[in-house]
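Listed below, chain by chain, are the residues.
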There are 2 protein chains.
Amino acid sequence: MEDVRIKFGIKVKVLRLSRGYSQEKLAELADLDRTYIPGIESGKRNVSIIVIEKIAKAFQISISDLMNSL
Amino acid sequence: MEDVRIKFGIKVKVLRLSRGYSQEKLAELADLDRTYIPGIESGKRNVSIIVIEKIAKAFQISISDLMNSL
């Protein structure tokens, strides 16, 4: 099975692009350091539940929806 | 809003008890160190996506279901 970090990164990238956000914009909305987003999208970061919540809030979706089909 | 770690911990505990698992049993099923589970259930641990996936697998539910209503 593909690594959950890779699948999560792809999901974040697809959502971000569908909203027309730059990586910097997403970082700002999620209150994350902007150097963080590339590592998430490439599946390198083992994101924590607090970061997951921040990203869900930035996209204005539930955590469950963000984690859907991972 | 209540901390997402607290809500996740309660969810794990409720699921664990509903299955009749001890903390040791859940740790074994999830392939986690058994000292890890109390910290998760008390909301002290900022669990990573890899740990979330392991716990979902232990309960044989999807990650999305595990994260439902957090």
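Quick caveat, the model's predicted, so the values are computed rather than measured. (Residues numbered from 1 in each chain as written. Chains lettered and ligands numbered in written order. Predicted model: local features only at pLDDT ≥ 70, side-chain atom pairs only at ≥ 80, totals over all residues. Heavy atoms only, no water.)

**Quick notes on the relation of the copies chain A and chain B**
- The transformation that overlays chain A on chain B combines an axial shift of 0.0 Å with a rotation of 180°, and the residual RMSD is 0.0 Å. This pairing of chains is accounted for by a two-fold axis. It is A:Ser48 whose C-alpha, among those of chain A, lies nearest the rotation axis, at 2.0 Å.
- A symmetric contact is evident, with 100% of the interface residues of chain A recurring at the interface of chain B. (Least-squares fit on C-alpha atoms with pLDDT ≥ 70 in both. Contact = heavy atoms within 4.5 Å.)

**Concerning the packing of aromatic side chains**
Residues and elements named next belong to chain A.
- Overall, the coordinates contain two aromatic pairs over all chains when judged by the stated rule.
- Measuring from centroid to centroid gives 6.3 Å for Tyr21 and Phe59, while their planes differ by 5°, and the two rings are stacked. Here Tyr21, found in the loop between α1 (4–19) and α2 (23–30), pairs with Phe59, found in helix α4 (residues 49–59); they are 38 residues apart in sequence, far enough to count as distant.
- Here the basic side chain of Arg45 rests over the ring of Tyr36, its NZ or CZ set 3.8 Å away from the ring centre. (Phe/Tyr/Trp six-rings, centres within 6.5 Å; stacked < 30°, edge-to-face > 60°. Helix = DSSP H or I, 4+ residues; strand = E, 2+ residues; numbered from the N terminus. Lys NZ or Arg CZ within 6 Å of the ring centre and 35° of its normal.)

**Things to note about the interface of chain A and chain B**
- Across the contact, 17 residues belong to chain A and 17 residues belong to chain B.
- Surface buried jointly by chain A and chain B totals about 1600 Å² across both partners, of which 69% is contributed by carbon and sulfur atoms.
- Its largest share of buried area at the contact with chain B, chain A owes to A:Val4, A:Ile49 and A:Ser64, together 35% of the area lost on that side.
- Our count for the contact surface shared by chain A and chain B stands at zero salt bridges.
- For the pair chain A and chain B, the number of links is seven residue pairs in polar contact (both at pLDDT 80 or more).
- Broken down by secondary-structure element, the contributors of at least two residues to the side of chain A that touches chain B are α1, α4 and α5 (63–66) of chain A.
- In terms of residue count, the dominant contributor to the side of chain A that touches chain B is α4(A) (five residues). (Buried area = accessible area lost by both parts, 1.4 Å probe. Salt bridge = Lys/Arg side-chain N within 4 Å of Asp/Glu carboxyl O. Polar contact = N/O pair within 3.5 Å; in protein donor to acceptor, adjacent residues only side chain to side chain.)

**Notes on the nonpolar core**
- In this structure, A:Phe8, B:Phe8 and B:Met67 are the most contacted members of the largest nonpolar core, which totals 44 residues.
- If we ignore the near neighbours within four places in the chain, the residues touching B:Met67 are A:Ile49, A:Ile63, A:Ser64, A:Met67, B:Phe8, B:Lys11 and B:Ile52. (Core = buried A, V, L, I, M, F, W, Y, C linked by side-chain atoms within 4.5 Å. Buried < 20%, exposed > 50% of the residue type's maximum accessible area, 1.4 Å probe, protein only.)

**Digging into the UniProt feature "domain: HTH cro/C1-type" (unreviewed entry) in chain A**
- UniProt records the feature "domain: HTH cro/C1-type" (unreviewed entry) at residues 12–66 of chain A, using the numbering of this structure.
- Along residues 12–66 of chain A one finds 67% helix and 0% strand; the C-alpha atoms at either end are 8 Å apart. (UniProt positions renumbered as here; feature names shortened; annotations may be inferred.)

**Notes on the pattern of salt bridges**
Residues and elements named next belong to chain A.
- The full count for this structure, using the stated rule, is eight salt bridges over all chains.
- Note that Arg16 is salt-bridged to Glu41, the shortest N-O span being 2.5 Å. Residue Arg16 is located in helix α1, and its partner Glu41 is located in helix α3 (residues 36–41); the two are separated by 25 residues in the primary sequence. Accessibility assignment for this pair places Arg16 and Glu41 in one class, buried.
- Where Asp31 meets Lys54, a salt bridge forms, and the shortest distance between an N and an O atom there is 3.9 Å. Of this pair, Asp31 sits in the loop between α2 and α3 while Lys54 is found in helix α4, placing the two residues 23 residues apart along the sequence.

**A few points about α4(A)**
- Taking burial as the measure, the eleven residues of α4(A) include eight buried ones, the bulk of the element.
- For α4(A), the full list of buried residues reads A:Ile49, A:Val51, A:Ile52, A:Glu53, A:Ile55, A:Ala56, A:Ala58 and A:Phe59.
- Elements in contact with the buried residues of α4(A): α1, α2, α3 and α5 of chain A together with α1 (4–19) and α4 (49–59) of chain B.
- Positive phi shows up at A:Gln60, right after α4(A), with a value of about 55°.

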